[in-house]
Amino acid sequence: MRPRNRHPLFNLLPALALSTGLAACDDNGEMITDPNGDDPAATSAVEGSVENTHSSPNSSALPAPHSSTGSGTTPETTAGAEAATAAVAQVQSDGSLEFLAEAEVEADGTFRVEDVPANRSDLVVVLRAEDEAEVGRVLVHGETEAGVTLVTEPVNANTTVAGHVYGNLVDAGVAQEVRSTAHLALLLRMEESTAAEVAASAQAIQEVATGIQAGIESKMETLVATESEVDPDAWVALMLQAAQTHAESRHGGADARAAQEAFLEAGLSALFEAGADAEKSALATTSAATGLDRAMAEADSQARLDLAKHFVEFNFLARQELAQEHPEEASRDEGASALAEARVEAEAATSISQLAQAVEGSGEVFLDGVVDLAISVLPDLGGDARAQLESSLETALANAWFGAHVGAAATPSELAQAVVEYRSQVRSTVDAFVESAPAEADAEGYVSAELLIAVRGGPALGDS
């Protein structure tokens, strides 16, 4: 996952180009075409499985395939109903669904929908009960291709919420790069019980959509504001591959938690591979988590907490990578240890305030560790010099806390600007620390701007 261990893009992109160019040919190598679009060679298939079905408001039967239903902004699902059919549908510009093909759900919960038209994207699979009422959704990543099967992750409460959020974002006219199915699958993750409650409420789904949009837009605007040299085409391709790999892994029976951790790591690697360095990736994910939390300040508390914890997990991964770039091993290890301890506390948080405390607490752990380190390697450092070093470190760490600089910034553009200013201030903080620390302490070996951003540049959550 480290930037220096990149897999060259040229290993991936030709394969993607080849896969998107697949088409059926006859025995003479001529392209098979059918002006009516009924040739099986011009269709694709979608397969997946059912993990859980879920209740949602306004239960009613959905139209048959090849017809359209109303806006996709309000879910329509029956409580406790068993999935009988799986229908592939295309999300229209107003969030409504055009149903393309359907198939029965097998007794073991698997489904395979054949005869899905090729060259279609913006797809979801809708599960329906015997009475035709919807009982779940899951996003389909990528565009259908003739003769190619696309795989979805198992349908559960999270995938159902993601499917409805996607419809809301399309209906709202949100830019395609923000509402990409890969982005949603990566970042929209809650406890299954929380997701089930969200799936039952149109208002809660809208709140989640608002938060996810704010988080993703904050991340993307920060990458632009920090002049990250991200190749957008490469990034989209890498994210699509990561999402498809995740779906295939889960469909193949991989543990949900392990698969999600691997997905987050792949999402971070996609940023690195596309051109963003570790510092800018860390800052972008800090902005994303802050933007999500501020957009959901009035939302359901459990949904807000679950999503914030997931965004924070992504941010910890990015900041841990950044900490590894510090040249001095001892300080680098202290930073990694502080982040690891804070990450454990964040995972255990049961409220936004506890999560905020865990994120901010990494600085205190780091301060204690670095001071102890200085004392151990500088046994002859006098008492006054030790006190001066500790005081300088405390000041530097206090000034390097992102939450102290972000203020009331809440919109993606405001957060991106706050990050730019914060980054500059941290560099000034490091210069001041080196200048004020005792000369014999060799302060430059203990902290750098990158290390301080890694340890103290976490998101500002709640009232922090």
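### Things to note about the overall build of the protein
So, step 1. Along its length, the protein carries 15 helices and seven strands.
So, step 2. The proportion of buried residues among the 464 residues of the protein is 53%.
So, step 3. Of the contacts made within the protein by residues no fewer than 6 positions apart, 74% connect residues no fewer than 24 positions apart.
So, step 4. Only carbon and sulfur atoms are counted for the fraction: they give 46% of the accessible area of the protein, which is about 18800 Å².

### Some points on the sheet that holds strand β6 (residues 134-140)
So, step 1. Pairing in this open sheet of four strands is antiparallel, and the strands run β3-β2-β5-β6 from one edge to the other. Where the open sheet ends on each side, the last strands, each with one partner, are β3 (97-104) and β6. For this sheet the average axis-to-axis angle between neighbouring strands, irrespective of direction, equals 25 degrees.
So, step 2. Taken together, the six bridges between strand β5 (residues 123-128) and β6 define a ladder with antiparallel strand orientation. Among the inter-strand pairings, L127 is bridged to a residue of β6, identified as G136.
So, step 3. Helix α2 (residues 157-171) contacts β2 (85-91) and β6 of the sheet and is inclined by roughly 70 degrees relative to β6.

### What to know about the environment of I453
So, step 1. Mapped onto the secondary structure, I453 falls in helix α15 (residues 449-456).
So, step 2. C-alpha of I453 to C-alpha of Y422: the two residues are 31 residues apart in sequence and 9.2 Å apart in space.
So, step 3. Non-local contacts of I453, meaning those with residues more than four positions away in its chain, are made with E279, L283, R319, L322, Y422, R423 and V426.

### Here's the deal with the pairing of β2
So, step 1. In terms of burial, β2 is a largely internal element, seven of the seven residues being buried.
So, step 2. A two-sided burial pattern is seen for β2, the buried positions comprising T85, A87, A89 and V91 on one face and A86, V88 and Q90 on the other.
So, step 3. Looking at chain direction, β2 and β3 are connected through seven bridges and run antiparallel. Bridge assignment links A87 to a residue of β3, and that residue is E102.

### So, the packing of aromatic side chains
So, step 1. Inspection of every chain in the model, using the stated rule, returns one aromatic pair.
So, step 2. Their ring planes at 80 degrees and their centres at 5.2 Å tell us that F402 and Y422 sit as a pair that is edge-to-face. Of this pair, F402 sits in the loop between α12 (383-399) and α13 (403-406) while Y422 sits in helix α14 (residues 412-436), placing them 20 residues apart in sequence. Side by side, F402 and Y422 carry an identical accessibility label, which is buried.
So, step 3. Positioned over the ring face of F99 is R128, at 5.0 Å from the centre of the ring.

### Things to note about the environment of R128
So, step 1. One can find R128 in strand β5.
So, step 2. When its relative accessible area of 0% is taken as the criterion, R128 is described as buried.
So, step 3. Put simply, R128 and A81 are 47 residues apart on the chain and 8.5 Å apart in space, counted from C-alpha to C-alpha.

### Observations regarding the packing of helix α9 (residues 301-323) against helix α10 (residues 329-348)
When two helices pack together, their arrangement is given by the angle between the helix axes and the distance between those axes.
So, step 1. Between α9 and α10, whose axes approach to 10 Å, the crossing angle comes to 175 degrees. With respect to α10, the axis of α9 lies roughly antiparallel. Across the interface between the two elements, K309, V312, E313, F316, L317, R319, Q320 and A323 from α9 touch R332, L339, A340, A342, R343, A346, E347 and A348 from α10.
So, step 2. Broken down by class, the residue content of the contact of α9 with α10 amounts to nine nonpolar, one polar and six charged.

### Examining the confidence of the model for the protein
So, step 1. Residues with a pLDDT of 70 or more make up 83% of the protein, whose mean pLDDT is 85.
So, step 2. Ignoring residues within four places in sequence, the model shows residues 1-38, a span with pLDDT below 50, making 42 contacts including any to other chains.
So, step 3. Below pLDDT 50 for its whole length, residues 58-80 participates in 80 contacts with residues either more than four positions away or in separate chains.

### Concerning the environment of T290
So, step 1. In this structure, T290 sits in helix α8 (residues 278-295).
So, step 2. Here the alpha-carbon distance between T290 and S218, two residues 72 residues apart in the chain, equals 8.3 Å.
So, step 3. Setting aside chain neighbours within four positions, we find T290 in contact with F402, L415, P459 and A460.
So, step 4. A distance of 3.2 Å separates a polar atom in the side chain of T290 from the backbone nitrogen of A460.

### Regarding a negative patch on the surface
So, step 1. Side chains of E82, E104, E106, D108, E130 and D131 sit close together on the surface and give a patch of like negative charge.
So, step 2. Along the chain, D131 falls in the loop between β5 and β6.
So, step 3. Among the residues examined, D131 registers a relative accessible area of 48% and is labelled partly exposed.

### Quick notes on the packing of α10 against α15
So, step 1. At a closest axis distance of 9 Å, the pairing of α10 and α15 adopts a crossing angle of 15 degrees. Judged on the interaxial angle alone, α15 and α10 are roughly parallel. Crossing of α10 over α15 shows left-handed handedness. Counted together, S331, G335 and L339 of α10 and L451, A454 and V455 of α15 form the full contact between these two elements.
So, step 2. When its residues are assigned to classes, the contact of α10 with α15 shows four nonpolar, two polar and no charged.

What counts as what
Residues numbered from 1 in each chain as written. Predicted model: local features only at pLDDT ≥ 70, side-chain atom pairs only at ≥ 80, totals over all residues. Heavy atoms only, no water. Helix = DSSP H or I, 4+ residues; strand = E, 2+ residues; numbered from the N terminus. Buried < 20%, exposed > 50% of the residue type's maximum accessible area, 1.4 Å probe, protein only. Contact = heavy atoms within 4.5 Å. Areas by Shrake-Rupley, 256 points an atom, 1.4 Å probe, with all protein chains shown as cover. Pairing = 2+ DSSP bridges. Axes fitted to C-alpha atoms, helices over the stretch in contact; angles between N-to-C directions. Phe/Tyr/Trp six-rings, centres within 6.5 Å; stacked < 30°, edge-to-face > 60°. Lys NZ or Arg CZ within 6 Å of the ring centre and 35° of its normal. Parallel < 35°, antiparallel > 145°, perpendicular 65-115°, else oblique. Nonpolar A, V, L, I, M, F, W, Y, C, P; charged D, E, K, R; others polar. pLDDT = per-residue confidence, 0-100. Polar contact = N/O pair within 3.5 Å; in protein donor to acceptor, adjacent residues only side chain to side chain. Patch = residues over 30% accessible without salt bridge, like charges linked within 9 Å, V, L, I, M, F, W, Y side chains within 5 Å. Salt bridge = Lys/Arg side-chain N within 4 Å of Asp/Glu carboxyl O. Lys, Arg positive; Asp, Glu negative; His and termini not counted. Charge placed at Lys NZ, Arg CZ, Asp CG, Glu CD. Left-handed = near helix turned anticlockwise from the far one by under 90°.

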